[in-house]
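Structure at a glance
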Amino acid sequence: MSKSKSSPFHPASRVAIAIMAAGKGTRLKSKHPKVLHEVGGKPLLAHVIAAAAKVVPAQDIYAIIGHEADRVRQAVAQTGINCVLQAEQRGTGHALMVARDALAPYDQVIVLSGDAPLITSQTIKKLADFHSSQRPAMTILTAQLQDPTGYGRVIRKSQKRPDVKAIVEEKSAAPAQRKIREINSGFYAFDAKLLFAHINELSNDNPHGEFYLTDMAAILVKAKKRVLAVAADDPHEILGSNTRAEMVDIDWRMRMAKCRQLMTDGVTIFYPQTCVIDCDVEIGADTVVEPFVQILGKTRIGSDCRIRSYTVISNSVIGDSVLIRPACMLDEAQVMKGAELGPYSRLRPGSEIGEGAHVGNFVETKKTRLGKGSKANHLSYLGDAEIGEDVNIGAGTITCNYDGERKHTTVIEDGAFIGSDSTLVAPVKVGQRAYVGAASCITDDVPPDSLAIGRARQIVKEGWIKAKRAERQKSDKAAGS
Ligand code: UD1
Ligand code: CA
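Owing to the predicted nature of the structure, the values given are computational and were not obtained by experimental measurement. (Residues numbered from 1 in each chain as written. Chains lettered and ligands numbered in written order. Predicted model: local features only at pLDDT ≥ 70, side-chain atom pairs only at ≥ 80, totals over all residues. Heavy atoms only, no water.)

Describing the sheet that holds strand 17 (residues 300-301)
In plain terms, the rule: For two strands to be treated as a pair, DSSP must find at least two bridges joining them. Helical segments are the DSSP runs of H or I of at least four residues, strand segments are the runs of E of at least two, and each set is numbered from the N terminus.
With parallel pairing, nine strands are arranged side by side in an open sheet as 14-17-20-23-26-28-30-33-36. Both outer strands of the open sheet, strand 14 (282-283) and strand 36 (428-430), are each paired with one neighbouring strand and no more. Examined bridge by bridge, strand 28 (residues 369-370) and strand 30 (residues 385-387) share two bridges and lie parallel to one another. Within the sheet, the bridge partner assigned to Arg369 lies in strand 30 and is Glu386.

Some words on the pairing of strand 27 (residues 358-366)
As judged from the two bridges shared by strand 24 (residues 340-341) and strand 27, these two strands associate in the parallel manner. Directly across from Leu341, in strand 27, lies its bridge partner Val359. Where strand 25 (residues 345-347) meets strand 27, three bridges bridge the pair, whose relative direction is parallel. The residue of strand 27 that forms the bridge with Ser345 is Val363.

Observations concerning helix 10 (residues 464-478)
Since the α-helix packs 3.6 residues into each turn, any two residues three or four apart lie on the same face. Selection criterion: Here, expected helix span is obtained from the residue count minus one, scaled by 1.5 Å.
Here helix 10 contains 15 residues, and its C-alpha end-to-end distance of 22 Å stays within 8% of the 21 Å for a straight helix at 1.5 Å per residue. A positive phi of about 70 degrees marks Gly480, the residue just after helix 10.

Things to note about a negative patch on the surface
The line we're drawing: Patch membership needs two things, relative accessible area over 30% and no salt bridge, and members are linked within 9 Å if like-charged or within 5 Å if nonpolar (Val, Leu, Ile, Met, Phe, Trp, Tyr). Here the open area of atoms and residues is found with the Shrake-Rupley method and a 1.4 Å probe, where only the protein chains shown may cover a residue. Here a salt bridge means any side-chain nitrogen of Lys or Arg lying within 4 Å of a carboxyl oxygen belonging to Asp or Glu. This count recognises Lys and Arg as positive and Asp and Glu as negative, with His and chain-terminal groups excluded. Lys charges are placed at NZ, Arg charges at CZ, Asp charges at CG and Glu charges at CD.
Together, Glu355, Glu389, Asp390 and Asp414 give the surface a local cluster of negative charge. Tracing the backbone through its elements, the reader meets Asp414 in the loop between strand 33 (410-412) and strand 34 (417-418).

A few points about the coordination of the calcium ion (ligand 2)
As a reminder of what qualifies: As a rule, N, O and S atoms within 2.8 Å of a metal are its donors, except that Na, K and Ca use 3.2 Å; water is not among the atoms, so sites may look incomplete. Relative accessibility decides the category of a residue: with a 1.4 Å probe and only protein chains considered, values under 20% of the type maximum give buried, values over 50% give exposed, and everything between is partly exposed.
Binding of the calcium ion (ligand 2) to the protein goes through Asp115 (OD) and Asn242 (OD1), at separations of 2.4 Å. In this pair, Asp115 sits in the loop between strand 6 (108-113) and helix 5 (121-134) while Asn242 sits in the loop between strand 11 (227-231) and helix 9 (244-264), placing the two residues 127 residues apart along the sequence. Under the relative-accessibility criterion, Asp115 is labelled buried at 11%.

Overview of the site of ligand 1
To keep things clear, this is the line we draw: Each residue is tested against the molecule or strand, and it is near if at least one of its non-hydrogen atoms lies within 4 Å. Counted as a polar contact is a pair of N or O atoms within 3.5 Å, where, for protein atoms, one must be capable of donating a hydrogen and the other of accepting one, and residues adjacent in sequence contribute only when both atoms are in side chains. Three classes are used, and their members are as follows: Ala, Val, Leu, Ile, Met, Phe, Trp, Tyr, Cys and Pro are nonpolar, Asp, Glu, Lys and Arg are charged, and the others, Gly among them, are polar.
As a structural note, the neighbourhood of ligand 1 is formed by 23 residues, with Gly23, Gln86, Thr92, Glu169 and Asn184 the closest of them. Interatomic distance of 2.8 Å between a backbone N/O atom of Gly91 and an oxygen atom of ligand 1. One nitrogen or oxygen atom from the side chain of Glu169 is found 2.6 Å from an oxygen atom belonging to ligand 1. For ligand 1, whose unbound accessible area comes to 750 Å², protein coverage reaches 91%. Contributing elements (two or more residues each) for the shell around ligand 1: strand 1 (15-21), helix 3 (92-98) and strand 10 (182-191). Per-class residue counts for the shell around ligand 1 are six nonpolar, twelve polar and five charged.

Considering the pairing of strand 10
Burial within strand 10 is extensive, with nine of its ten residues counted as buried. Two strands pair when backbone bridges link them, and strand 6 and strand 10 are joined in this way by four bridges, in the antiparallel orientation. Within strand 10, the residue paired with Gln108 across the bridge is Asp191.

Concerning the environment of Ala467
Tracing the backbone shows Ala467 in helix 10. For Ala467, a relative accessible area of 47% puts it in the partly exposed group. Along the backbone, Ala467 and Gly266 are 201 residues apart, and their C-alpha atoms lie at a distance of 72 Å.

Focus on helix 2 (residues 69-76)
Formally: The arc in question is the one traced by the directions running from the helix axis out to the C-beta atoms. In this description, contact between two residues means that some pair of their heavy atoms is separated by no more than 4.5 Å.
Residues of helix 2 that are buried: Ala69, Val72 and Val76. End-on view of helix 2: buried residues confined to an arc of 65 degrees, all on one side of the axis. Relative to its buried face, helix 2 has exposed residues pointing more than 90 degrees away, namely Asp70 and Gln74. Considering only its buried residues, helix 2 is in contact with helix 1 (44-52), strand 4 (61-65) and strand 5 (82-85).

Some words on the confidence of the model for the protein
Just so we agree on the cut-off: pLDDT is a residue-level measure of predictor confidence that goes from 0 to 100.
Within the protein, residue pLDDT values average 95, and 97% of them lie at 70 or more. By mean pLDDT, the top-scoring element of the protein is strand 21 (residues 323-324) (99), and the lowest-scoring one is helix 6 (residues 175-178) (94).

Details of unusual backbone geometry
Cis geometry marks the peptide bond from Gly342 to Pro343; its omega dihedral reads 0 degrees. Relative to the helices and strands, Pro343 resides in the loop between strand 24 and strand 25. The step from Ala426 to Pro427 runs through a cis peptide bond, and the omega angle for that step is 0 degrees. With respect to the helices and strands, Pro427 occurs in the loop between strand 35 (423-425) and strand 36. Even without being a glycine, Lys224 presents a positive backbone phi close to 65 degrees.

A few points about the side chain of Ser113
Of note, Ser113 is situated in strand 6. Since its relative accessible area comes to 15%, Ser113 is described here as buried. At 3.0 Å, the side chain of Ser113 forms a polar contact with the side chain of Asp115. Among residues more than four places away in sequence, those in contact with Ser113 are Ile19, Met20, Val48, Gly186 and Phe187.

As for the pattern of salt bridges
As enumerated under the stated definition, the model contains 20 salt bridges in all. One salt bridge in this structure joins Asp233 and Lys126, with 2.6 Å as the shortest N-O distance. Taken together, the residues span a long stretch of sequence, with Asp233 in the loop between strand 11 and helix 9 and Lys126 in helix 5 at a distance of 107 residues. For Asp233, a relative accessible area of 65% gives the class exposed. Judged by its relative accessible area of 28%, Lys126 is partly exposed. With a closest N to O distance of 2.7 Å, Asp449 and Arg433 form a salt bridge. One end of the pair, Asp449, is in the loop between strand 38 (441-442) and strand 39 (451-452); the other, Arg433, is in the loop between strand 36 and strand 37 (435-436), and 16 residues separate them in sequence.

Here it is in structure tokens:
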């Protein structure tokens, strides 16, 4: 990856990447912008930007946006790329027309499609390198597809040479042309000067009434300029997501590739077809992922962990040798090495589980730190709590953190023991090594090394049941029954 201003593959020329992302996505039947639909756990456009950013610096990347432009602009804001507004979407050719001022100062313009997220930086480089070495007016990235339906077809001058005569869109193609299996990927490299010298020759006289960028091929050939084709190594890289079915197919390919990569790196994933692992997830070697697990967002998992079935982890950080038993939910949580969770634990945002700590079944934590070696094994709610090391939280313990208006903190210091079924009414503090008797309602601080019992004293009425029974028998007899 180069962060320098000049391009890494051709230092003498300046290269821009334009990503067409203005379309409405009519075929998705969605009210949301097409390029913000997600595959592999992030928007279509984010994948294309990530690949592009490995080829040129962010300041040389231009997303052409239009439909719901504000949402798209916001979604890409932190990548540092530029946005060009195509207020009316009048076709892929028109998209480049509106980006003229931004792109004309460059030598080479690479055009990518915001709805084709499987493209890799290697393939973009291959296209750019080929273009730089051959110096035609336009290079088209092509692929041979078993089923080319829906794609533009590449008409070559001859099968043996890379020279192209034209691209014909499916709707305008003659029956013989539809049989051509070499398709236009929608990715191109252009000589910027020649592109903008001829772009106004595009017409919208076609079945869609749009300005097709694909028509630039025939226009440049007519102007006696060279147009070449270069094939993608993997034809699947160019797949576009025009329909929900295509989008789901791309998501599947991306996730299977992710699982294969993780397995290559030393992670065992049983029944990977049942697991949902987002593309930015990191997992260390010797970790085992069982069937039906979801690992999402920017989650990082250490090595030697075991993630058992039906667990869903998002945006969390998990250390080495952590055991997560079945059906846990973790969201923005941190779990230190050697900790054990579940089954059925729920760690909400801001949960920090210390080294070797245990969180058991039906325990919910939120904005809570559980120190090293501490245990909360059964049926608890721990919210807004600072819990020290080697603390035992008995079954059914609840931190009452909310007074109806504000949240308050519960502090439990090192070595404290909280008896089962206790309620700790925050703000409240239990000192070091202090004990709280079972079923206590603790409303006042408990000093270190002391015992607090906050419940009614037990009353025993000896013989009470026996007396009651005798009384009933007597009255039954009197009633003659
Ligand atoms: C396009 C190509 C087709 C190629 C296919 C590959 C044209 C005319 N056809 O068809 O030859 O085989 O890609 O996937 O280019 N967009 C804009 N502004 C617009 C219209 C579209 O930014 O005014 C964007 C879309 O958001 C999309 C991209 O351009 O990201 C491609 O447009 P789309 O309508 O999906 O073209 P295809 O029909 O797939
Ligand atoms: Ca498309």
